[in-house]
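Given next are the chains, with one letter for each unit.
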Amino acid sequence: MAILRVWRYHLAEENASSDEEIKQKADKVLKLLLIETSSLPGMKGWELKKHVGKEYTGAIKVAAVQAEELGMKIAVVPDEEDADNMDKARFVIMPKEPLSDLELSRWMRVEEVAALAIIISEITIRGGGVQVQAVERLLVTKLPKWRVNQIISKLKRLGYIKEENGLLMKDWRSKLEIDDTGLIREIVTTKE
Amino acid sequence: MSRKEDTLKRIIELPDTFLIRGGDPFVIDVNNLLAQINQNRMKDQKRSLNMESAALNSVSKIIKEQQDWVIDALRGLKLDPELLRQKLASMDIKKIALIMANHAYPSLGVHRLSRDRIRVALEYFGLVEPWGHKEGMGIVQRTAEQVSEFFPLEKELENEAMMFYEELSSNLKNKKEILYEEVIGRDEMRLRRAFYIAYLSSTGRISVRRNSITGETLIGMPLNGDFESLAIPLG
């Protein structure tokens, strides 16, 4: 009986330490996702696995609960070619609420945000793809030509838009970060 | 009819069969059709050009159908594309950006400064001297006789080095790292101390490293325990 009690005690100790371990790993996941290591936000599953270990998906679930308490959420962006593979998916931390006007300038410059809104609206109108020249024609009515080219390159680099066969399309960050239906509705219903 | 001709004919007839069938026009891959037209050029140039132009005309009909389908779909959502364009045209940049902010959930990230940017900042505030401006440690002057005193390494020098090590390690207990210049000093024992440091670092008892930001050379305890550090040659 005494042996059994000791065994149970050890088992309880082991579980407690593994919970603690998972919590430590979750803290690490939060830190890794928050600190930018490249121009793109978040981290790929295989990178997290390298830092946290094989049970990184469990750590992400705990980290998601911690993020929730801070008004954030962890989003998963599946790989385009291998959607079921978590190692290839990108994990990103996002706010649960949309931006306020005060936070706007910390995201991108005002003209860049406006250009992105115009591009997304035009892509949606045209059913998913719009010619680069058509976008440029729209944007030069509001911005100088040199700035338009700069903004398009920057938005491509940041993963908001992509170019395929001369057509601009939404890239993963636009799909993830922007509520395009809400955006278009508000533009149309706003009084001048 | 050749296989190439058959493929082009199917593309030419596609809009008619499509219009009869109805449905989602985006099931047709326009890029694939264009690639097929490109791949199926015939030897008879005149006939090929005629069929290619007819096929391109069909593709343009499909694109038009896709565009109309999207416009209809948007109208179904009570969103008129022309109205949307007019609204965007009438708004200033700030207004558009503010509307966008209400519907944007940008990914969060803490921007980390690179070591190079930190160095630039330290230089700007005058906390460190820029590269190349720092005065060098100077060359230790020694004669051939002085050098030959130490080679091959005498047992006596090894004992002296170990005594020097005891003194150094007691200082390193208080301070994590000591400046190389402070240790070798400026007196006549300078050369001898330099040899002691070289000997101790080559045997892994101390580590000598260069701080890439401040440009200082520092002496510390071995990074991963005894006999695991590497000697760093000093010019």
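Residues numbered from 1 in each chain as written. Chains lettered and ligands numbered in written order. Predicted model: local features only at pLDDT ≥ 70, side-chain atom pairs only at ≥ 80, totals over all residues.

Below, the discussion takes up the interface of chain B and chain A. Accessible area lost when the parts come together is the quantity often used to give the size of an interface. Between chain B and chain A, the contact holds 32 residues from the first and 41 residues from the second. Sorting the residues of the side of chain B that touches chain A by element identifies α3 (45-76), α4 (81-90) and α5 (93-101) of chain B as the ones contributing at least two each. Among the elements that take part in the side of chain B that touches chain A, α5 of chain B stands out by supplying eight residues, more than any other. Of the residues assigned to the side of chain B that touches chain A, the class counts are 20 nonpolar, nine polar and three charged. (Contact = placed C-beta atoms within 7 Å. Helix = DSSP H or I, 4+ residues; strand = E, 2+ residues; numbered from the N terminus. Nonpolar A, V, L, I, M, F, W, Y, C, P; charged D, E, K, R; others polar.)

So, on to the environment of P95 of chain A. Among the secondary structure elements, P95 of chain A is positioned in strand β3 (residues 90-95). For P95 of chain A, a count of 18 C-beta atoms within 10 Å puts it in the partly exposed group. Leave out the neighbours within four places in its chain, and P95 of chain A touches G71 and M72 of chain A together with Y105 and L108 of chain B. (Buried ≥ 20, exposed ≤ 12 C-beta atoms within 10 Å, placed from the backbone.)

Let us now look at the pairing of strand β3 (residues 217-220) of chain B. Within a regular strand, side chains alternate between the sheet's two faces. Residue and element names in this part refer to chain B. Alignment of strand β1 (residues 177-179) against β3, held across three bridges, turns out to be antiparallel. By the bridge assignment, E177 is partnered in β3 with G220. Inspection of the sheet shows strand β2 (residues 207-210) paired to β3 by four bridges, in the antiparallel sense. The partner of R210 across the bridge, within β3, is T217. (Pairing = 2+ DSSP bridges.)

Residue and element names in this part refer to chain A. If you walk across this open sheet you meet the three strands as β4-β6-β5, and the pairing is antiparallel. Only two strands of the sheet have a single partner each, and these edge strands are β4 (130-131) and β5 (161-164). Across four bridges, β5 lies against strand β6 (residues 167-170) in antiparallel orientation. In the sheet register, E163 faces β6, and the bridge partner there is L168.

Residues other than glycine predominantly adopt negative phi, and peptide bonds predominantly adopt the trans conformation. The phi torsion at N165 of chain A lies on the positive side, around 50°, for a residue other than glycine. Summarising the element assignment, N165 of chain A is placed in the loop between β5 and β6.

Another point: helix α5 (residues 110-125) of chain A. Residues lying three or four places apart along an α-helix face the same way, a consequence of the helix completing one turn every 3.6 residues. Given a rise of 1.5 Å per residue, 16 residues ought to cover 22 Å, and the 23 Å separating the end C-alpha atoms of α5 of chain A matches this to within 8%. With 15 of 16 residues buried, α5 of chain A lies mostly within the body of the structure. (Expected span 1.5 Å × (residues − 1).)

Right, let's get into the nonpolar core. Core analysis: the largest hydrophobic core is formed by 34 residues, its most contacted members being L116, A117 and I119 of chain A together with I96 and M100 of chain B. Elements represented by at least two residues in this core include exactly α5, α6 (132-139), α7 (145-157) and α9 (180-189) of chain A together with α5 of chain B. It is α5 of chain A that provides the largest number of residues to this core, a total of nine residues. Setting aside residues up to four positions removed in sequence, L116 of chain A forms contacts with L155 and Y160 of chain A together with M100 of chain B. Ranked by size, the runner-up nonpolar core spans 20 residues in total, among them L48, V52, M72 and A89 of chain A. (Core = buried A, V, L, I, M, F, W, Y, C linked by C-beta atoms within 7 Å.)

Time to look at the packing of α5 of chain A against α4 of chain B. For the pair α5 of chain A and α4 of chain B, interaxial distance at closest approach is 10 Å and the crossing angle is 165°. Overall, the two elements α5 of chain A and α4 of chain B adopt an arrangement that is roughly antiparallel. Crossing angle aside, the handedness with which α5 of chain A passes α4 of chain B is left-handed. Between α5 of chain A and α4 of chain B, the residues in contact are I118, S121 and I125 of chain A and P81, L84 and L88 of chain B, respectively. Residue classes in the contact of α5 of chain A with α4 of chain B are distributed as five nonpolar, one polar and no charged. (Axes fitted to C-alpha atoms, helices over the stretch in contact; angles between N-to-C directions. Parallel < 35°, antiparallel > 145°, perpendicular 65-115°, else oblique. Left-handed = near helix turned anticlockwise from the far one by under 90°.)

Here we come to the packing of helix α8 (residues 155-174) of chain B against helix α10 (residues 190-202) of chain B. All names here are of chain B. Where α8 meets α10, the closest approach of the two axes is 9 Å, and the angle between their N-to-C directions is 85°. Relative to α10, α8 is oriented roughly perpendicular. Taking contact as the criterion, the partners of E160, A161, F164 and Y165 in α8 are, on α10, R193, Y196, Y199 and L200. Tallied by class, the residues present in the contact of α8 with α10 amount to six nonpolar, no polar and two charged.

Let's shift gears to the confidence of the model for chain A. All names here are of chain A. Chain-level pLDDT for chain A is 83 on average; 89% of the residues reach the 70-or-more range. Mean pLDDT per element in chain A: helix α1 (residues 2-34) is the minimum at 63, and α7 is the maximum at 93. Low pLDDT (under 50) marks residues 1-17, which in the prediction has zero contacts with non-local residues, meaning those over four places away or in another chain. (pLDDT = per-residue confidence, 0-100.)

What follows concerns the environment of R115 of chain B. Residue and element names in this part refer to chain B. Locating R115 in the fold gives a position in helix α6 (residues 115-124). For R115, a count of 9 C-beta atoms within 10 Å corresponds to the exposed category. Here the alpha-carbon distance between R115 and I213, two residues 98 residues apart in the chain, equals 7.6 Å.

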